[in-house]
2 protein chains.
Amino acid sequence: MAQSVQVTTSPSYEVRIGEGILSQAEQVTSSYSGVAILTDENVAPLYLQGLGLPAEAETIVVPAGESSKSFEVLEKVLERLARQRLDREACLVALGGGVIGDLAGLTASLYKRGINFVQCPTTLLAQVDASVGGKTAVNLPSGKNLAGTFQQPAAVLADVATLASLPAHEFESGLGEVLKTAILSGPEALSSLETDAPGLLARDSQALSRQIEACVSFKAHIVAQDPREAGPRKCLNLGHTFGHGIEHIAGFGVIPHGIAVAAGIGLALEHAATIGVLEEPDLVERVQQLSAALELPGSLAELEARYHLSIAREDLVESMRADKKNRGDKIHLVLPVRAGEMKLDVILG
Amino acid sequence: MAQSVQVTTSPSYEVRIGEGILSQAEQVTSSYSGVAILTDENVAPLYLQGLGLPAEAETIVVPAGESSKSFEVLEKVLERLARQRLDREACLVALGGGVIGDLAGLTASLYKRGINFVQCPTTLLAQVDASVGGKTAVNLPSGKNLAGTFQQPAAVLADVATLASLPAHEFESGLGEVLKTAILSGPEALSSLETDAPGLLARDSQALSRQIEACVSFKAHIVAQDPREAGPRKCLNLGHTFGHGIEHIAGFGVIPHGIAVAAGIGLALEHAATIGVLEEPDLVERVQQLSAALELPGSLAELEARYHLSIAREDLVESMRADKKNRGDKIHLVLPVRAGEMKLDVILG
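What counts as what
Residues numbered from 1 in each chain as written. Chains lettered and ligands numbered in written order. Predicted model: local features only at pLDDT ≥ 70, side-chain atom pairs only at ≥ 80, totals over all residues. Heavy atoms only, no water. Axes fitted to C-alpha atoms, helices over the stretch in contact; angles between N-to-C directions. Helix = DSSP H or I, 4+ residues; strand = E, 2+ residues; numbered from the N terminus. Parallel < 35°, antiparallel > 145°, perpendicular 65-115°, else oblique. Left-handed = near helix turned anticlockwise from the far one by under 90°. Contact = heavy atoms within 4.5 Å. Nonpolar A, V, L, I, M, F, W, Y, C, P; charged D, E, K, R; others polar. Buried < 20%, exposed > 50% of the residue type's maximum accessible area, 1.4 Å probe, protein only. Core = buried A, V, L, I, M, F, W, Y, C linked by side-chain atoms within 4.5 Å. Domains from an automatic or database assignment. Buried area = accessible area lost by both parts, 1.4 Å probe. Salt bridge = Lys/Arg side-chain N within 4 Å of Asp/Glu carboxyl O. Polar contact = N/O pair within 3.5 Å; in protein donor to acceptor, adjacent residues only side chain to side chain.

1. Notes on the packing of helix α6 (residues 168-185) of chain B against helix α7 (residues 187-201) of chain B
Residue and element names in this part refer to chain B. The geometry of α6 relative to α7 is characterised by a closest axis approach of 9 Å and an angle of 165° between their N-to-C directions. The orientation of α6 relative to α7 falls into the category roughly antiparallel. Of the two possible hands of crossing, α6 and α7 adopt the one that is right-handed. Where α6 approaches α7, its residues Phe 171, Leu 175, Val 178, Leu 179, Ala 182, Ile 183 and Ser 185 are matched on the opposing element by Ala 189, Leu 190, Leu 193, Leu 200 and Leu 201. Classifying every residue of the contact of α6 with α7 gives 11 nonpolar, 1 polar and no charged.

Right, here's the structure in full:
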């Protein structure tokens, strides 16, 4: 089974989803004047050969992990492209998770003021989230993702076969975003995810393909309306302001992003109910059951129990204040009104 | 006297030209959430106060010269913005020559994926050339300007008063581009430049304002047609492929860019006559006289005499082969057909 989603930002591009899709990389890149591949030390031995790209394609392997999202690594990667004398019609293939996608996207937007790039995301989080939206970035000493561009890929190849080998915590990170997207999409998406939950946990390729396609379609629809995050795209932050606060308190990397987001969704629902924004009270119970079916924490209490942590509400609010999407000193939240309808820019406090 | 040119790229912006224009910086930046200024050690003591910006505006001073167009300096400047907690509605003011404009433009395109910037060019070259077109860049070990973006400023303030203190070689660099633009524009622009030549050399503010306005208007017109350098914009390379070859042989920095471009224009005219592209034979003589009036070399021989150099034709061709705008091994030239009409993509050899 293979699906395809057309993302109608400018320029528009295609996301292909399915088992064995990686082998289409050669065909997708055949019209460019040259090809380079950016990947990391973990992914290269597993999937580099599967791309089927010609041996003369330059392969750049960086260390796995967040430390590669630095200016030092960015410059080294750009210099590798320059030494290959790749011209403006060349293409960079990103093979890996979110770090590789962010770094490759930024490299492609900067090299000779912009070349093409093709994303081959190999984690669930990158397939459902980072591969659509065109955000690229590296980190600064002051914070994550503070330097970057908006750059759309020429194509995305999301091969669900790469998810079989994914460590549990990385898989959970993706599931948090799948849950978020179903709540944003509406009741039908929630039903579909409820049906697919056991298949997802078993990493069944049909369930994975179906849910990834749903996430990509929804995000593509939102991003097309708002490519530079001026308005409607903010809904994608559901659970994230709380989630980032939780990650910050626990120390980045301790709690997988998707786990923190799942607990953040629980907090957003609770807060929406408390202040009267939520108009569909059953949604709290429904999302809690779905979280349980996906083995995600449905509340801050569940997350605290799972990680043997205790997070004081005052500390959480304090760490949420540092989020880069706030303006001034105010904390901006996305809160559910009902499945498929969010209220944006609710000020906490 | 103050002029204003509207540049109709997307987004469109205004270039203000005249004496004392720098003092408008405060008014131009007053609507942003915060302001930072990027300048260099030479320019800061001369013109920083003249901007009239509030004392709380963050001022970032980098070393003067090409060495500041590096990833190391870029990251430091970005980190300074981050420590000021500037948000996405902030503005970066670039006060200086081409290096500062290129670095500030790239910083502004990357910080939080894009903030506004205002150019205050303080050299003739930056006022007539770099301030229009939206090209930003830093250098890589492999070559100049290999990493950058296309990013349009919010506004340009070109204050001719800053040209009074400009060293002779920097002034000459700008004159080379003024000469080039007049040839590209056509017979009337050539006549106007012939009239203004003595005034330009005397750095008369009216002659400067008039000629800068002509250059900016012409370049704005070309760039609006072709923001990403796909076609017509290539005409702006008149004299540059030869000129870069000359600069490369002499060692970068030995011969001012505009001097090399002026000799390159002489070579382009000579070559156009030889291969029968030139249909207005009088143009050779006219441009030579105009070059003399601007105290620019009208031919390679004049440049060799002025710099006590000897440049073999074979060496020149060899060094032109390395130009980043070539595709494959072929040298692409812009050659004059007549004043105001160029032939693009002529292959040398």
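2. Concerning the environment of Ala 44 of chain A
Residues and elements named next belong to chain A. With respect to the helices and strands, Ala 44 occurs in helix α2 (residues 44-47). With a relative accessible area of 15%, Ala 44 lands in the buried category. It is 33 Å that separates the C-alpha atoms of Ala 44 and Thr 241, two residues lying 197 residues apart in sequence. Contacts of Ala 44, omitting those with residues within four sequence positions, involve Thr 39 and Val 61.

3. As for the nonpolar core
Membership of the largest hydrophobic core comes to 70 residues, with the highest contact counts inside it found for Val 15, Leu 124, Leu 179, Ile 212, Ile 246 and Leu 294 of chain B. Ignoring any residue separated from it by four or fewer positions in sequence, one finds Ile 212 of chain B in contact with Ile 17, Leu 124, Gln 127, Val 128, Val 160 and Leu 163 of chain B. Counting 69 residues, the second largest nonpolar core, distinct from the first, contains Val 178, Cys 215, Ile 222 and Met 342 of chain A.

4. As for the domain arrangement of chain A
All names here are of chain A. Here chain A is described as being made up of domain 1 (2-163) and domain 2 (169-347). Listed per partner, the contact involves 24 residues of domain 1 and 28 residues of domain 2. Between domain 1 and domain 2 lies a buried interface of about 2,300 Å² when both sides are counted; carbon and sulfur atoms form 69% of it. When the area that domain 1 buries against domain 2 is broken down by residue, the three leading residues are Leu 124, Val 128 and Phe 150, summing to 24%. Put simply, domain 1 and domain 2 have 1 salt bridge between them. Here domain 1 is connected to domain 2 by 5 residue pairs in polar contact (both at pLDDT 80 or more). Looking at the side of domain 1 that touches domain 2, the elements that each hand over two or more residues are β1 (2-7), β2 (13-18), α5 (124-130) and β8 (143-150).

5. What about the interface of chain B and chain A?
With 31 residues of chain B at the interface, the matching set in chain A holds 32 residues. Between chain B and chain A, the buried area comes to about 2,800 Å², and carbon and sulfur atoms account for 56% of it. Among the residues chain B hides against chain A, the three largest losses belong to Phe 71, Leu 110 and Arg 113 of chain B. Together they make up 27% of the total. Viewed at the interface, chain A and chain B are joined by 0 salt bridges. Linking chain B to chain A there are 8 residue pairs in polar contact (both at pLDDT 80 or more). The greatest single-element share of the side of chain B that touches chain A, amounting to 7 residues, is contributed by helix α3 (residues 71-83) of chain B. The residue inventory of the side of chain B that touches chain A, partitioned by class, reads 13 nonpolar, 6 polar and 12 charged.

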